[in-house]
Amino acid sequence: MNRIQISILSLMLLPGLAGCNDTKPDAAQANSSTFAGLPGPKGEPGDKGQAGDKGEAGEKGDAGANGEKGEVGGKGLAGDKGEAGDKSTVGEVGEKGLAGDKGTAGEVGEKGLVGDKGAVGDKGAAGDKGSVGDKGAVGDKGAVGDKGAVQPEGQLIKDGTITPKQGGFDVQIQKDVLEVRAVTANAFRVHYLPDGKGTEKTRVIDPGFKPDAVYELKDSTLPAGKDLVLGQYTARWNPSDLTVSVLNAVGAKVMTISVDELRIGNVIVEHNANDPRYGINGSAEYEKPAGLFRNWEEGLNSGAQGHAGAPFVWSTAGHGVLVDTMGSASRKIDLRDNKNIAFLGTSKTDVDAYFILGRPPELFGALAKISGRSPLFPKWAMGFTNSQWGADTPWDGNDYSKGLTEPKLRNIIEQYRKERIPLDAMTFDLDWMYWANANYPYSQFTWNLEKFPGMAPNAADKDKLKPWLDKQGIKLTTILKPRIPVASNEGAYALSRNFWMPNTKEEEDYFLKTTKMRHLNFAKPEVLNWYFHHLRGALDSGISGWWNDEFDSSNATDDGNETEGFDMQRAVYEWQRSYAPEKRVWSINRNFYLGAQRYAYGLWSGDINNGFDVMADQRKKMLSAINAGAMQWTMDTGGFRDRTENGVKIGTQYEDYARWMQFAIFTPIFRVHGDNGIQRQPWYYAPPGKATAEDAIDAIKLRYKLIPYIYSYEHQRNKTGLGIVRPLIFDWPEDKNVANNVDSWLFGEWLMVSPVVQQEQKEKWIYFPQGSWLDWRWGGVHEGGKGENYGLNNGLSDVPLFIRQGAIIPMMSEDVQYVGEKPLTELDVEVFPDTKRTSFEYYDDDGKTYDYEKGMYFLQELSVQRTDKTVLFETATPKGSFAPKLEHYTVKIHGPHATSVELNGVKLNQIPNVAGLKTAGEGWYSGQDAGHGNIDVTYVRIKAKEKQSVTLTTK
């Protein structure tokens, strides 16, 4: 069917004319909520207005111009590929840009108005040779792109005209244009263009995002309205009150947005009264978190000291609103009205919002599509990182004999290995560089060879530090700062080329008061090219990751301070992927704004104090940050600073250290850190009368046992937008008992942890969501849908950790000291069958490169189901081209003992003991699982990497 252009008189849009109804609604309708159940009718439509004159035949839309050739950038980063038809931002600096997509051909206009000229194609992102921008789309009867339709002079589209477009429709509203589009399987876009003109998308939206929705455009039941149908949801244009409503499968309103507010730059979304709201931000170190609910006037900014910002508000009632706007030190989202989400002002003149529908995993899945997916961290980052500033003496920028030195570093690592405590990385604070020392040119980028002589290029082979660290399995990560000394070679160069961040000034350095420093402008491509030209020596020396610190401290305006961290890590990511494409990027950063997740961006919660109360607050900070889209979160385990009580410094003690560690192993990024001269190694926190901090060390070892499970969720985060840590509301959005619960969370889909965060606690009240939960250590069963007091009768060794019925948990079959120490030839697979089929996608790849983006990964679905006295466990045909060294699964199926086991319909041999399974090839054995309270278990050893079917007949 040809497109239809519907024209109505502008007066018919005015209240009291089009859709006018002289009858009054009945009392029930008058008193009902607009959003509760099916919406009440607005009354019968008035008499049909006089037909307008027949429009003139539309002309064929003119061909859009070819996109301009990208400008020649400096050496460095790859610019993002622009979308077809839109005008994209200029890339930072990059490799050779990708060729733009060819624009779609416009159709001949229907009877009516003369079609607009096609939108001009995007300008390609600047790269080394500059990206070629996408070819502009040929105009559809006057296509309104992100840049908006420009009307030929003297030819106007009548007010109220609805024009079908790719993805939806446009509405002409006087001189302005309202775009309504279906963009993903569960998301609509509403874009208001004053004078039909748009602006660039902000950093929030993935430059590579391309709508992929399957939709249907229908005439509305409303007079002169239009329906855009997306699966079970409908976006409905109502010309009588200038609103767009999203309706669910039964026609009930979920959300409504008013054009009147869009005109003045606001996004006001009405929803059901008292729908719980989440998202927007994760509180910073200096902010007292108030739980997960968001129901007051919230700041919308990237903030400082662990703050996370996102222009994203969502509800467990099944909806979310994403607004394409950058944050501001003064910008707010007003949620004080329990039925309105109010973005009061945005950074774009053309207000641009996305309505997302579904359960929480579906909301975050669409968010990942629109705002961008997070790349995989290297596999070593799943392990334990020791961050260190100073050592047994504090760092001193004027005395390089103090603080952390190479001999002290070697001693720390040797102690880890001697005590068999797993460790994967050491993070250096200021000790690694000649911080703020103008006597050393480019001191920020240079190894301090007085402290670490083994990093000198001319060091004797026997003295070289990096090869020694490689043998120990230790990766090096280092701190970076966004400021440089003004009175230095690099400062003079920066001054001569105006590299400074706008609206900043030189200031006394926080650490060395004798040095004046100033922040760099990481939004300028020439700054990035210069900065990374000097940083590459550090990467070449063996640095494996970056800790971007204090980019929230410039005191600049919104144009600087709000985006400094985002721009700095984006630059690090794009530079490293260009300069060393074989090496994955890892970073932690001190604030977050949505969109940053595209750049291997971890968030840490800032310079927190020690102590149980601060530890307890970290739960709210982590879960709130995740609700805002910051899935890769970490904290300074043990506390950064020693707290002060009555003027006395109180250090971290053995009890809180153990509890910190038991908490931290169930966070996305597991690391310890302390203030200058504070050491957070486990051997400093042994309880009285004991040689080691065995409870803390046991926690570290459990983390390493779970590495195959944890790394599989790296893949899931990239694929689905959901990380390994999930607030309970993600899986039980209807359960009011978890609506504001920060005591417990899911670690992956199959584990729930409820860390102890009170001193000398003897029991803890724990709420168990619907389902059946097995105590990890003791094997007891806890029925869901209720809470209970959980006893902590075994001292620090009690960690409230529970297994969800149906769980499949791949684990290391032997202990390791670091990730990759031994070839992974065998996996233990812990299985807890349910009466419904459950599954787990086991994932692996080389753990180092981005080859997984080319299909070089290993993915095998594992599934299980119990039926009466039969358990069926299956492994699917693997996907991907990566060939791991994995040879066997030892599947531990918990529940009644098997009486017989079949593999692919053939009986397996029963082995007399567990040890015999290792040499038997394939076989089975029934016994007790000492790791889970001696509950019954049947061990079945089968070949991995093949499609297999295991059938247990049980007692």
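Everything discussed here concerns the structure shown above.
Described in the following lines is the structure provided in the data block. No experiment lies behind these values; they were computed from the predicted model shown.

**Quick notes on the overall build of the chain**
Right, so step 1: Helix and strand counts for the chain come out as 14 helices and 50 strands.
Right, so step 2: Here the chain holds 955 residues, and the buried ones make up 60% of them.
Right, so step 3: Relative to all contacts within the chain whose residues are 6 or more apart in sequence, the contacts with residues 24 or more apart total 71%.
Right, so step 4: Total accessible area on the chain stands at roughly 36800 Å², and carbon and sulfur atoms take up 49% of it.

**Some points on the packing of aromatic side chains**
Right, so step 1: Taken as a whole and judged by the stated rule, the model has 54 aromatic pairs.
Right, so step 2: Between W314 and F730, the ring centres sit 5.8 Å apart and the planes meet at 75°, which makes this aromatic pair edge-to-face. Taken together, the residues W314 in strand β13 (residues 307-315) and F730 in the loop between β32 (725-727) and β33 (745-747) connect sequence positions 416 residues apart.
Right, so step 3: Given a relative accessible area of 0%, W314 falls into the buried group.
Right, so step 4: Between the aromatic rings of W389 and W395, the centroid separation amounts to 6.2 Å while the plane-to-plane angle is 40°, which identifies the pairing as tilted. The burial state of W389 is the same as that of W395; both residues are buried.

**Details of the side chain of K764**
Right, so step 1: Position of K764 relative to the elements: it lies in strand β35 (residues 763-768).
Right, so step 2: Despite its burial, K764 pairs with no opposite charge, the nearest such side chain being D743 at 4.9 Å.
Right, so step 3: Among the polar contacts made by the side chain of K764, one reaches the main-chain carbonyl oxygen of P755 at a distance of 2.5 Å.
Right, so step 4: Once residues lying within four places of it in the same chain are set aside, the contact partners of K764 are R619, D743, S754, P755, V756, E788, N789, Y790 and L792.

**A look at the sheet that holds strand β47 (residues 906-907)**
Right, so step 1: Ordered in space as β42-β43-β44-β50-β46-β47, the 6 strands form an open sheet in which the pairing is antiparallel. Only two strands of the sheet have a single neighbouring strand rather than two, namely β42 (838-844) and β47.

**Let's talk about unusual backbone geometry**
If a residue is not glycine, its phi is most likely negative; likewise, a peptide bond is most likely trans.
Right, so step 1: Even without a glycine there, the phi angle at A600 is positive, about 50°.
Right, so step 2: The topology assignment puts A600 in the loop between β26 (591-593) and β27 (602-604).
Right, so step 3: Classification of A600 as buried rests on a relative accessible area of 0%.
Right, so step 4: Here the phi dihedral of K945 falls at roughly 65°; this positive angle occurs in a residue that is not glycine.
Right, so step 5: Here K945 shows up in the loop between β49 (935-943) and β50 (948-954).
Right, so step 6: Judged by relative accessible area, which is 34%, K945 ranks as partly exposed.

**Section: the pairing of strand β11 (residues 278-282)**
Right, so step 1: Taking burial as the measure, the 5 residues of β11 include 5 buried ones, the bulk of the element.
Right, so step 2: As paired strands, β11 and β13 are joined by 4 bridges and run antiparallel to one another. Bridge pairing in β13 links G282 to A308.

**Thoughts on the nonpolar core**
Right, so step 1: By size, the foremost hydrophobic cluster in this structure holds 242 residues, and its most contacted members are L178 and Y889.
Right, so step 2: Among the nonpolar cores identified, the runner-up in size contains 5 residues, and I911, Y925, V937 and Y939 belong to it.

**Description of the pairing of strand β45 (residues 888-894)**
Residues in a regular strand point their side chains to alternate faces of the sheet.
Right, so step 1: Within β45, 7 of the 7 residues are buried, which leaves the element mostly enclosed by the surrounding structure.
Right, so step 2: What you see with β45 is no split at all: H888, T890, K892 and H894 on one side and Y889, V891 and I893 on the other are buried throughout.
Right, so step 3: Relative to β45, strand β41 (residues 826-831) runs parallel, the two sharing 6 bridges. Paired with L827 across the two strands is Y889, which belongs to β45.
Right, so step 4: Pairing of β45 with β49, which is carried by 7 bridges, proceeds in the antiparallel orientation. Bridge pairing links K892 to Y939 in β49.

**Structural notes on the sheet that holds strand β34 (residues 751-753)**
Right, so step 1: Read from one edge of the open sheet, 6 strands run β32-β33-β34-β39-β36-β37, paired in antiparallel fashion. Two strands bound the open sheet, and with one partner strand each, they are β32 and β37 (781-783). Averaged over all pairs of adjacent strands, the angle between strand axes in this sheet comes to 35°, irrespective of strand direction.
Right, so step 2: Two elements, strand β36 (residues 772-775) and strand β39 (residues 801-804), share 3 bridges in a ladder whose sense is antiparallel.

**Regarding the environment of G318**
Right, so step 1: Take G318: it is sitting in the loop between β13 and β14 (319-323).
Right, so step 2: Judged by its relative accessible area of 13%, G318 is buried.
Right, so step 3: In sequence terms G318 and P360 are 42 residues apart; their C-alpha atoms lie 7.1 Å from each other.
Right, so step 4: Beyond its immediate chain neighbours, meaning those up to four positions away, G318 contacts I356, L357, G358 and L363.

**Section: helix α6 (residues 489-496)**
Since the α-helix packs 3.6 residues into each turn, any two residues three or four apart lie on the same face.
Right, so step 1: Within α6, burial applies to E490, G491 and A494. Buried residues of α6, viewed axially, fall in a sector of 100°; they line one side.
Right, so step 2: If you follow the buried residues of α6, they end up packed against β21 (483-485) and α7 (525-540).
Right, so step 3: Just downstream of α6 lies N498, where phi reads positive at about 55°.

**Things to note about the side chain of R483**
Right, so step 1: Locating R483 in the fold gives a position in strand β21.
Right, so step 2: Accessibility expressed as a relative area gives 7% for R483, which makes it buried.
Right, so step 3: Side chain to side chain, R483 and E550 meet in a polar contact 2.6 Å long.
Right, so step 4: Sequence-distant contacts of R483, that is, excluding residues within four places in its chain, are made with W435, Q444, D509, Y510, F511, M517, R518, H519, E550 and S553.

How each quantity is defined
- Residues numbered from 1 in each chain as written.
- Predicted model: local features only at pLDDT ≥ 70, side-chain atom pairs only at ≥ 80, totals over all residues.
- Heavy atoms only, no water.
- Helix = DSSP H or I, 4+ residues; strand = E, 2+ residues; numbered from the N terminus.
- Buried < 20%, exposed > 50% of the residue type's maximum accessible area, 1.4 Å probe, protein only.
- Contact = heavy atoms within 4.5 Å.
- Areas by Shrake-Rupley, 256 points an atom, 1.4 Å probe, with all protein chains shown as cover.
- Phe/Tyr/Trp six-rings, centres within 6.5 Å; stacked < 30°, edge-to-face > 60°.
- Lys, Arg positive; Asp, Glu negative; His and termini not counted.
- Salt bridge = Lys/Arg side-chain N within 4 Å of Asp/Glu carboxyl O.
- Polar contact = N/O pair within 3.5 Å; in protein donor to acceptor, adjacent residues only side chain to side chain.
- Pairing = 2+ DSSP bridges.
- Core = buried A, V, L, I, M, F, W, Y, C linked by side-chain atoms within 4.5 Å.
- Axes fitted to C-alpha atoms, helices over the stretch in contact; angles between N-to-C directions.
- Arc of directions from axis to C-beta.

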